[in-house]
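So the chains spell out like this:
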Amino acid sequence: MTIDWPILSFLVFSPLVGAAVLLAMPSQRMRLLRWTAIIATLLPLALAIVLYIDYDPSKPGTAYDEQATWISIPLDKTAIGGEATYDLHFDYSLSLDGLSLPLVLLTTIVASMAALASISIRKRWKSYYFWLLVLECGMLGVFLARDLLMFFIFFEITLIPMLFLVGIWGLFDRERAAIRFLLYNGLGSAIMLVVFVILVVTAGFSYEQTAAGMAHFGYSGSYDVIAANLSDPQAYANQFSQAGENPFYLSDTMQTVLFILLLIAFGIKLPIVPFHTWMLDVHKEAPAPVVMIHSGILLKMGAYGLIRFGFFLFPEQADKCSTLLAILGLINLLYGAVIAFRQTELRLVLAYSSLSHMGIVLLGLSALNEIGMQGAVFQLISHGLISALLFLLLGAFYERTSTTKLDELGGLARTMPFMAGALLAAGLASLGLPGLSGFVGELLSLLGVFDSHRVIASIAVVGIILTAVYVLRAVMGVSFGTMHPRFESVKDARFIEALPIVVLLALVVLLGIYPAFVTEQLHHSFDSMLQQLNLRVGG
Amino acid sequence: MTNGGERVNTYMNQYIIVAIFILLGILLPVAALTVGRLLRPHKPTDPKQATYESGNEPVGEGQVRFNVRYYHYALMFVIFDVETVFLYPWAVAYKKLGLFAMVEMLLFAAMLVLGLAYAWKKKVLTWNSI
Amino acid sequence: MAYERTLQSMTWADAGHMAPELILIAMMALLIIVDLVLPRRIDRSIIGWLSLASLIGSFVSVVWHIQDQADQSQESIALGLLNDNYRIDDFGAMFKLLLLTAAALIALWSLGSMKRGTRGQLDHQGEYYYLLLPATAGAMLMTSTGDLITLYTGLELLSISTYVLVGLRTKRDVALQAASSEEKVSAKPAEAAFKYVVTGGISSAFILFGMSYLYGLTGSTHVGEIGSMLTQTVDSFRGLIYMAFFFMIAGFGIKIAAAPFHAWAPDVYEGAPTPVSAFLAVISKAAAAAALFRLFYNLVFPESLSNGNTIGHDLFRAVLAVAACAMLVGTLSALRQHNMKRLLALSGVANAGYLIVPIGLSFYGAHSNNAAELFFYAAAYLFMNIGAFAVLSIVAGARDSESDDSVQLRTFEGLYHRAPWTASAMIIFVLSLAGLPISGGFFGKLFIMMGAASTHAYWLVAIMAGSSVISYYVYFGIVRQMFMRSSGDVSVHVPAASGTVVWLCAAATLVLGVYPNGLLHWFEHVFSVVNDLLVLRR
Amino acid sequence: MLASYLTMAAILFCIGLYGAFVKRNAVVVLLSIELMLNAVNLNLVAFSKYGMIPSLTGQVFALFTIAVAAAEAAVGVAVLIALFRARGTVKADEFDELRR
Amino acid sequence: MDWLSASPVTWYDALFVFLWGVVLMLVVLGFVTYAIYFERKVIGWMQFRRGPNRVGPFGLLQTVADILKLLIKEDTIPRKADRLLFVLAPVLAFIPSFAVLAVIPYTQKLYFADLNVGLLYYVALSGISTLAIVLGGWASNNKYALLGGMRSAAQMISYEVPLVISVTGVVLMSGTLNLRGIVDAQSGGWFWDWNFLPQIIGFAVFVIAAISELNRTPFDLPEAESELVAGYHVEYSGFRFAFFMLTEYVYVYAIAGLATTLFLGGWHAPAPFLDFIPGIIWFALKFAFIVFFLFWLRATLPRIRIDQLMGLGWKLLLPLSLANIFLTALFYELFQR
C-alpha cells in the first residue's frame with residue numbers, strides 16, 4: 001500500500017490541530033478539554049500505527065519521504081562574478097526509516113497514555129493540554145526530521161512546553177527544576193547547533209554542473225547531502241588542502257571534535273553521568289504524566305540524535321571513541337544503580353534507574369555492531385514503555401498517598417491490588433526478567449558489547465544484578481510489608497487510569513515475547529552505517 | 001604675485017600684521033598699567049577693599065545664582081551665530097551658485113526661523129524680572 | 001590623486017531621489033508650526049497621527065524608488081548625489097525601509113501608550129512626535145552615505161534629536177517627583193538625557209577623531225577614495241591607520257551600545273520614556289551598524305584583499321572581539337538585573353554584539369552575504385525588541401502606584417492571568433530575543449552563525465551559542481514572572497494602538513521565524529554588493 | 001609642522017577625554033567634550049593644509065563639525081538646565097538617581 | 001600700503017608695521033580723547049549747555065586731565081575679588097577692540113591687514129569683548145557687577161546675531177569678505193551705488209545692532225546707573241576702569257569705520273565730479289558723521305527697558321535681517337542674473 005498524501009506531515013502536525021482546537025475552548029470546561037486532548041493524541045497514534053503496519057523494511061525510505069524547499073537563499077552572486085548560482089538551502093524534509101519508526105510509535109503511544117494519565121492535573125487544564133500537544137509535535141518532528149535545521153528546531157520546540165509543564169504544574173521546587181532543565185538542555189542544543197552550523201558550511205557544501213552549463217554551488221542542511229559528502233572521499237569536505245584554500249575541508253581532528261561535541265550535546269539529553277543532575281530535578285518535581293513523557297521519550301531523543309548524527313555521520317570517529325563510550329555507559333549503569341540503591345524516595349529510585357538504563361543504551365551503541373545497536377534501540381523502546389508505566393503508577397500512588405517516600409509507603413498491594421501488581425510487573429520488566437521487554441534490550445546490548453569490549457561487558461553484568469536488587473527493594477517495599485494506617489481507605493485504579501496501565505503493560509509483554517516486532521524494522525537502518533564503517537575502518 | 005607659493009606667503013603675511021596688532025593691544029594696557037603703578041598711591045584699607053554694596057555690609061555671596069534665562073539666550077546665540085558660518089561662504093559664492101543655492105539656504109534659514117518661532121512661542125524671548 | 005571637488009549644486013532631480021528624507025524633514029517643519037499654532041487644549045495625538053502618516057509616506061516613496069529602479073534596468077544602478085556624498089542605492093533603501101518600519105511602529109505605539117490623560121502622557125507631546133521625524137531622517141542619512149561628512153551629519157541629526165527625546169518627562173515622572181519627599185527630587189529623564197549627551201558627545205568625538213586621520217592620510221572624505229588610497233598608503237602609516245579605525249570602532253561601539261562601550265545604555269534606557277528607549281535600541285543601533293558596515297566594506301575590505309597587508313584582518317578581528325565582548329558582557333550582566341528596562345538595555349547590548357558580527361566577518365567566495373545577515377538580524381531585532389518594549393509599556397502603564405517606578409521585573413507578575421494575549425505575545429518576543437525557534441531572532445542568529453562558521457570563526461560561533469544559553473536564564477525570569485506566579489492585583493488595560501503594535505511585531509517575528517525565505521530572497525533579489533555597497537567614484 | 005599640530009590635537013583630545021571622564025562639574029564635562037571636538041577640528045584643518053594630499057575638504061568638514069558641535073552643546077546645556085532645575089546641582093556625581 | 005607683500009618677511013618689515021601700528025594707536029587714542037570731549041560738547045550744545053570749557057582753550061584738555069586723573073588714582077581691588085581674572089578682564093576687553101582695527105581700510109592705498117576674510121575677522125574678534133565683560137562682572141564678586149555683566153553679555157550676544165546677519169546682504173552683493181573688496185564693489189561714482197540704499201534694511205538693522213553692541217544710549221542698559229549702580233565695572237577704579245572706557249570708544253571708532261566701509265562706500269566720493277578730493281577726506285567725513293550720529297542719538301533718545309531691548313533684537317531685527325538676505329538674493333536672481 002502506498003500512501004500518496006503527506007502522511008508524515010500530518011503525523012507531526014496533527015497534535016497541533018488539537019492544540020488549536022483547545023485554544024478555542026473555554027478554559028473552565030475541564031472534561032471537554034481533557035477529552036479533546038486525548039482524542040488529539042489518538043490521531044497521531046492512529047497515523048503511527050498505520051505507518052508501522054505499512055512500512056516495508058525491504059525497500060526502506062522510499063515511500064515515506066517528504067521534501068520541499070523551505071529556505072533557499074540565493075547568495076550574492078555579483079560579489080563573485082555571476083558565472084554560477086549559489087544558494088543556501090534548508091529543506092522541509094521528513095523521512096521515515098527503521099530507526100525512527102519504532103520511536104515514533106513509542107512517542108505516540110506514550111503521549112496518549114500521558115494524556116490519559118493527566119487526570120491528576122488540578123489547574124489550568126487548557127494551557128496544560130496545549131503544551132502537552134505542542135510537546136508531542138516537537139518530539140515527533142525530532143524523530144522524523146531529516147534536515148539539520150528542522151531537527152534542531154523540533155529539538156528546541158520540545159524545550160518550551162517542557163519548561164512550562166515542569167514550571168507550572170510541578171511540585172514545590174518546580175521553577176528551579178524548570179530553569180535547570182532549560183539551561184542544561186539549552187546548552188546541549190547550543191552545542192548541537194554549533195556542530196550543525198559547522199557541518200552545513202563544510203560538509204553541506206556541494207557543487208554541481210547544471211544543464212545549461214552553469215555551475216551551481218550551495219550550502220545545504222540536508223542530512224542526506226551531508227551524510228553523502230562526509231562519506232564520499234571525493235567531496236570537498238574530505239579534500240585536504242595544503243594552504244587552506246579549501247574552506248570546506250573538515251580535517252580528521254575536526255571531525256573528532258565534532259563527534260565529541262555531539263556526544264556532549266546529546267549526552268546532556270540522554271543523560272550521561274556528569275550532565276545528569278537536571279534530569280533528577282525534573283523527575284523529582286514534574287507531574288507524573290510529564291515525567292512519563294520525559295523519561296519515556298525525551299531522553300530517547302538524546303540517544304536517537306547520538307545514533308543518527310553521531311554514529312551515522314561519523315562512524316570512524318565513533319569507532320575511535322568506542323572504548324570511551326563503553327566506559328561512559330558502564331559508569332552510567334553502575335553509578336545509576338548504586339545511587340538508586342541508596343535512595344529512600346521512589347521517585348528518585350526510578351530517576352536513577354532511568355539513568356542506569358540509559359547506560360545500557362550507551363553500552364549497546366559502543367559495541368558498534370548490529371546486534372549491539374539493535375539492543376540499544378530496543379532498550380530505548382522498552383525503557384520508554386517501562387518507565388512510562390512506572391511513572392504513571394508512581395503518579396497514581398502519589399495522588400492517593402501524597403508521598404513517595406519508601407519508608408512511608410508499604411503494603412499497598414492490600415488496598416490496591418491491581419496497581420501494585422502492575423508495579424511489580426513493571427519492576428520485573430525493568431530489571432530484565434526474561435519474557436518482558438527489558439530483558440531483550442539488555443541481552444542484545446550486552447551481547448553486542450561482549451563482541452567488542454569483553455571486560456566492560458563483564459563488569460556491566462554486575463550492574464544488571466544491582467538493578468535487580470534496587471528495583472525489587474523498591475517495588476516490594478511499596479507493595480508489601482506493613483501498611484501505614486492512613487492508607488486504609490485508598491481506592492484502586494479507576495478505569496481511565498487502568499486503561500493506560502493495561503496498554504503499556506501489554507506492550508511490554510508483547511515486546512518481551514516477540515522482539516522482532518521492533519528489530520525487524522531496525523535491521524535495515526544500520527546496514528549502511530555499518531557498511532560504511534567497515535569500509536573505512538577495515539579498508 | 002607671480003606664483004602660488006608667494007601668494008600663500010602674502011596671505012600668511014597679512015596675519016603677521018594681525019599678530020602685531022594683537023601684540024600692540026596687549027602692550028598698551030600692560031605699559032599703561034605699569035606706568036600707573038609707579039604713579040598712583042597704594043594705601044589699601046579694609047573698607048576700601050570691601051565689596052561695594054551701596055554702602056551696606058555685603059550680604060551673602062557675591063557670585064549670586066542668576067536667572068536661568070541668560071542660558072537660554074546663550075543657547076539661542078550659539079545656534080544663530082553658527083548659522084553665519086554657513087551664511088558667509090554662501091553669500092560670498094552666491095553669484096556662482098544660482099537659484100537652487102538660494103532655495104537651499106532658504107530652507108536652512110527656515111529651519112532656524114522655525115527654532116526662533118518655537119522659542120518665541122515658548123516665551124523664551126520674553127524677559128521677566130532680573 | 002588629489003581631485004578638486006567641483007562645485008555641484010543640488011538639482012530638482014536630486015531632491016526627488018532624496019524624497020524619503022525630505023518628506024520627513026518637511027513634515028517636521030510643518031508639524032512644529034502646527035504644534036505652535038494649535039491651542040493648548042487640543043490633543044497632540046493629531047500630531048502623532050500626522051507624523052505616523054509622514055513616516056508611512058516616506059516608506060512608500062522608498063518602495064517606489066526601489067520599484068522604479070527595478071523597472072528601469074535589470075541591475076539597479078546606484079546613484080551618487082552631490083558628488084557622491086549621498087548614495088541612493090539598494091543597501092540604503094533596504095535599511096531605510098527597516099528604520100521607517102521601526103519608527104512607524106514606535107509612533108503608533110506611542111499614540112496608544114502616551115495618550116492624553118494617561119500616566120504615560122508626555123509633558124511635551126507635540127515635540128515628541130515631531131522629533132521622531134528628524135531622528136529617523138538622520139538614521140536614514142547614515143545608511144546611505146558615501147562620504148564621511150554626510151555620515152557624521154546624519155549621525156548627529158539622529159543623536160541630537162534623540163538627546164532631546166530621552167529627556168522628555170512623562171506625567172509619571174512628574175508625579176514621582178511630586179511624591180518624593182526627599183530633597184533631591186526625581187529627575188530621571190533629564191539625568192538620562194544628560195548622560196546620553198555626554199556619552200554621545202564622546203562617541204562623536206571618537207568617530208570624528210578617527211575620521212580626521214583617515215582624511216589626513218588620504219586627502220579625501222569620500223569613502224570610495226579613502227578605500228583605494230588606503231591600499232596605497234597602508235605601509236607607511238600603519239600606526240595611524242590602526243588608530244583611526246580603533247577610534248572609529250570605539251565611537252560606533254558607543255552608538256551601538258556594544259560592550260565595552262555600553263555603560264550608558266542601561267541608565268539612559270531606564271530614564272527615557274519607553275518608546276524612546278525602543279527607538280534607541282532599534283533605530284540607533286541599526287543605523288549605526290549599517291553605517292559601520294558600509295564604512296568597513298569600503299574602507300577596510302579593499303585593503304584586506306591585497307596580499308601581505310594584515311591591517312584589514314586585524315580590524316575585522318577587532319570588530320569581532322567587540323562583538324564577542326558585547327554578547328558576553330550583555331548577557332552576563334543581565335543575569336542580575338531586576339529592572340525591566342535595564343534588562344532590555346543589556347539584552348540590547350548582547351544583540352548589538354550579534355548585529356556587528358557580519359561587519360567583522362571576512363567576505364569571500366564561500367561567504368558573501370554579510371549584508372543579508374546584518375539586514376535580517378536587524379529586521380528580526382526590530383520586531384522583537386519593539387514588541388518587548390511595547391509590552392513593557394502596557395504592563396507598566398497598568399500600574400499607577402506613585403512610589404513605584406513600575407518597570408521592575410515583578411511588574412510582570414502573573415501577567416498571563418491578567419492579560420493572556422499580551423503575555424502570549426511576550427512569549428514570542430522573549431523566545432526571539434533568546435534565539436529559540438521558531439522566531440525571527442533564531443534565524444537571525446542562525447544566519448550569522450553560519451556566516452561566522454563559513455569564515456572559520458568557530459570561536460565566535462561558540463561564543464554566540466554560549467551567550468544564547470546564558471540568556472535563557474535572563475529571559476526565563478520574565479517567563480517565570482508571567483506564567484508561574486499567581487496573579488498580580490492590577491488589571492491591565494491594553495490601548496488599541498499599543499496592542500496593534502504588539503501584535504504586528506509578534507506576527508512579524510513569527511513570520512520571520514517560519515518563513516525567513518521571503519525577506520532574505522527579496523533582499524538578495526534587490527541588493528547586489530558591487531552595485532549597492534561599493535562606493536566607487538565613477 | 002604637521003606633527004606639531006597633530007600632537008597638539010592629540011593632547012587636547014586627551015585633556016578633553018580626561019575631563020569628560022573625571023570632572024565632577026557637569027558644565028566642565030560639556031566643555032571637555034567641546035575640547036575634544038575642537039581637537040578634531042585642529043586635526044582636520046592641519047591635514048587640509050599639510051596632509052598627505054592637501055585639499056579643502058578638511059576645512060569644509062571642520063565647518064560642519066563646528067556647526068554640529070554647537071548644536072550638540074546647545075542641547076547639552078539645555079538638558080543640563082532641565083537637570084539643574086530638578087536637582088539643584090551641577091555636580092555630575094550627584095546625578096545618581098538611575099540604577100538605584 | 002601694500003604691507004608685507006614681499007616674502008619672506010624680515011624683522012625690519014615687521015618693525016616697520018609695528019611702528020605704523022603705534023602710529024595708528026596714537027591716532028586712535030587721540031580720537032578717543034577728543035571723541036569724549038566732542039560728545040560732551042555736542043550733548044551740551046543740544047541741551048543748551050556749554051560742555052567742558054575750563055581746562056585748556058575751549059576745554060580741549062578736559063579729557064586729557066580726566067585721563068591723568070585716572071592714571072594717578074589709587075587702584076583698589078576688592079578683597080573678595082578673583083584677582084587674576086579681575087586684572088585680566090580690562091586687558092582682555094581692550095585687545096580685540098584694537099585688533100579689529102587691523103582690517104579697516106581707509107583708502108585704496110591706506111590699510112593695514114588685507115585679510116580676505118576681513119569681515120569675519122572683525123565679527124569673530126569683537127565677540128571676545130563680551131567674554132571680558134562677563135569676566136569682569138564675575139571676578140568682582142559683587143552682585144551688581146555680576147548682574148551688570150550678565151545683562152551686558154545677554155545684550156551683546158543678542159545683538160551680535162542681527163549684526164552679523166545684516167551685513168550678509170552686503171557680502172552677497174560684493175561677493176567677498178575682504179573689506180577692501182567690499183568698498184571696491186561700491187565704486188560706481190554716485191552715492192546710490194553705495195550699499196546703504198540697496199541694503200537699506202540691512203543698514204538700519206546694522207546701525208541699531210551696532211549701537212546696542214556699543215552699549216550706547218538708548219541701549220546702555222548694562223551701565224544703567226539708576227538700576228545697577230554702574231554695571232559690570234562697579235568695582236573697577238583707576239586705570240583699569242579707564243580701559244573699559246577706552247574699549248568702548250575704540251569700538252566706536254571701529255564701528256564707525258566698519259559702517260563707512262560696508263555701507264557708505266568707504267573712500268569713494270558721493271558723485272563722480274567730486275573725485276578730486278582725496279579718498280581719505282571722504283572717509284573721514286563719513287566716519288565723523290557716524291560718530292556724530294551716535295552722539296546725537298545719545299542726546300535725543302531715552303533708554304529703553306530691557307524686555308523691550310531683548311524683544312527688539314530677537315523678534316524684530318533678527319527676522320528682518322534674515323529677510324533682508326533673501327530679498328537681496330531674490331532681487332539678484334530677478335534683475336541682475
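Rules behind the numbers
Residues numbered from 1 in each chain as written. Chains lettered and ligands numbered in written order. Predicted model: local features only at pLDDT ≥ 70, side-chain atom pairs only at ≥ 80, totals over all residues. Heavy atoms only, no water. Helix = DSSP H or I, 4+ residues; strand = E, 2+ residues; numbered from the N terminus. Rg over C-alpha atoms; globule rule 2.2 N^0.38 Å. Buried < 20%, exposed > 50% of the residue type's maximum accessible area, 1.4 Å probe, protein only. Contact = heavy atoms within 4.5 Å. Areas by Shrake-Rupley, 256 points an atom, 1.4 Å probe, with all protein chains shown as cover. Lys, Arg positive; Asp, Glu negative; His and termini not counted. Charge placed at Lys NZ, Arg CZ, Asp CG, Glu CD. 1 Å grid on protein atoms, 1.4 Å probe; cavity = no way out; pocket = protein on both sides within 12 Å on 5 of 7 lines; lining within 4 Å. Points joined across faces, edges and corners; volume = space filled by probe spheres on them. Nonpolar A, V, L, I, M, F, W, Y, C, P; charged D, E, K, R; others polar. pLDDT = per-residue confidence, 0-100. Buried area = accessible area lost by both parts, 1.4 Å probe. Salt bridge = Lys/Arg side-chain N within 4 Å of Asp/Glu carboxyl O. Polar contact = N/O pair within 3.5 Å; in protein donor to acceptor, adjacent residues only side chain to side chain. UniProt positions renumbered as here; feature names shortened; annotations may be inferred.

1. Observations concerning the overall build of chain E
Right, so step 1: Along its length, chain E carries twelve helices and zero strands.
Right, so step 2: What you see in chain E, going N to C, is helices and strands ordered as α-α-α-α-α-α-α-α-α-α-α-α.
Right, so step 3: A compact globule built from 337 residues would reach a C-alpha radius of gyration of about 20 Å, and chain E, at 21 Å, matches this within 12%.
Right, so step 4: Viewed in the frame of its principal axes, chain E has a C-alpha envelope of about 65 × 50 × 50 Å.
Right, so step 5: Each of the 337 residues in chain E was classed as buried or not, and the buried ones make up 59%.
Right, so step 6: Within chain E, residue pairs in contact and separated by at least 24 positions form 78% of the contacts whose partners lie at least 6 positions apart.
Right, so step 7: Here chain E has roughly 13200 Å² of accessible surface; of this, 71% comes from carbon and sulfur atoms.
Right, so step 8: When the 22 basic and 21 acidic side-chain charges of chain E are each reduced to a single mean position, those positions are 9 Å apart.

2. Some details on the layout of surface pockets
Right, so step 1: Approximately 1400 Å³ is the volume attributed to the second largest pocket.
Right, so step 2: Lining the second largest pocket we find 39 residues, and of these Leu23(A), Phe130(A), Trp131(A), Val134(A) and Ile427(C) sit closest to its centre.
Right, so step 3: For the lining of the second largest pocket, the secondary-structure elements that each account for two or more residues are α1 (7–23), α4 (125–144), α5 (148–157) and α6 (159–169) of chain A together with α17 (415–418), α18 (420–434) and α21 (496–514) of chain C.
Right, so step 4: Its residues assigned to classes, the lining of the second largest pocket comprises 31 nonpolar, six polar and two charged.

3. A word on the confidence of the model for chain E
Right, so step 1: On average, residues of chain E carry a pLDDT of 87, and 95% of them reach 70 or more.
Right, so step 2: Complex prediction metrics read pTM 0.89 and ipTM 0.86.

4. Focus on the interface of chain B and chain C
Right, so step 1: Residue-level contacts link ten residues of chain B with 13 residues of chain C.
Right, so step 2: Of the roughly 1100 Å² buried between chain B and chain C, counting both surfaces, carbon and sulfur atoms make up 75%.
Right, so step 3: Three residues stand out in chain B for area buried against chain C, namely Phe100(B), Leu114(B) and Tyr118(B), and they jointly supply 51% of the buried area on that side.
Right, so step 4: Our count for the chain B to chain C interface comes out at one salt bridge.
Right, so step 5: Put simply, chain B and chain C have three residue pairs in polar contact (both at pLDDT 80 or more) between them.

5. Things to note about α5(A)
Residue and element names in this part refer to chain A.
Right, so step 1: Taking burial as the measure, the ten residues of α5 include ten buried ones, the bulk of the element.
Right, so step 2: Burial in α5 covers these residues: Leu-148, Leu-149, Met-150, Phe-151, Phe-152, Ile-153, Phe-154, Phe-155, Glu-156 and Ile-157.
Right, so step 3: Sitting at the head of α5, Asp-147 places a side-chain oxygen 3.0 Å from the backbone nitrogen of Leu-149.

6. Notes on the UniProt feature "transmembrane region" (unreviewed entry) in chain D
All names here are of chain D.
Right, so step 1: The sites that UniProt annotates as "transmembrane region" (unreviewed entry) are residues 6–22, 29–48 and 60–84.
Right, so step 2: Taken end to end, residues 6–22 is 100% helix and 0% strand, and its first and last C-alpha atoms sit 24 Å apart.
Right, so step 3: Segment residues 60–84 splits into 100% helix and 0% strand. End C-alpha atoms: 36 Å apart.

7. Points about the interface of chain B and chain E
Right, so step 1: Each side of the interface is counted separately: chain B has 73 residues, and chain E has 87 residues.
Right, so step 2: When chain B packs against chain E, close to 7500 Å² is buried across both sides, 72% of that on carbon and sulfur atoms.
Right, so step 3: The largest contributions to the chain B side of the interface with chain E come from Phe21(B), Tyr88(B) and Lys95(B), which together make up 11% of the buried area.
Right, so step 4: A salt bridge links Lys48(B) to Glu74(E); its shortest N-O distance comes to 2.6 Å.
Right, so step 5: Counting only elements with at least two residues in the side of chain B that touches chain E, the list comes to α1 (4–39), α2 (46–49), α3 (69–97) and α4 (99–121) of chain B.
Right, so step 6: Ranked by the residues each element gives to the side of chain B that touches chain E, the list is headed by α1(B), at 24 residues.

8. Brief notes about the environment of Leu141(C)
Residue and element names in this part refer to chain C.
Right, so step 1: Inspection of the secondary structure assignment puts Leu-141 in helix α5 (residues 125–143).
Right, so step 2: Take Leu-141: its relative accessible area is 12%, and that puts it in the buried class.
Right, so step 3: Distance in space between the C-alpha atoms of Leu-141 and Val-407 is 33 Å, their sequence separation being 266 residues.

9. Describing the arrangement of the chains
Right, so step 1: Considering every one of the five pairs of chains in contact, the largest contact total is recorded for chains B and E.
Right, so step 2: No part of chain A reaches chain E; the closest C-alpha pair between them is 48 Å apart.

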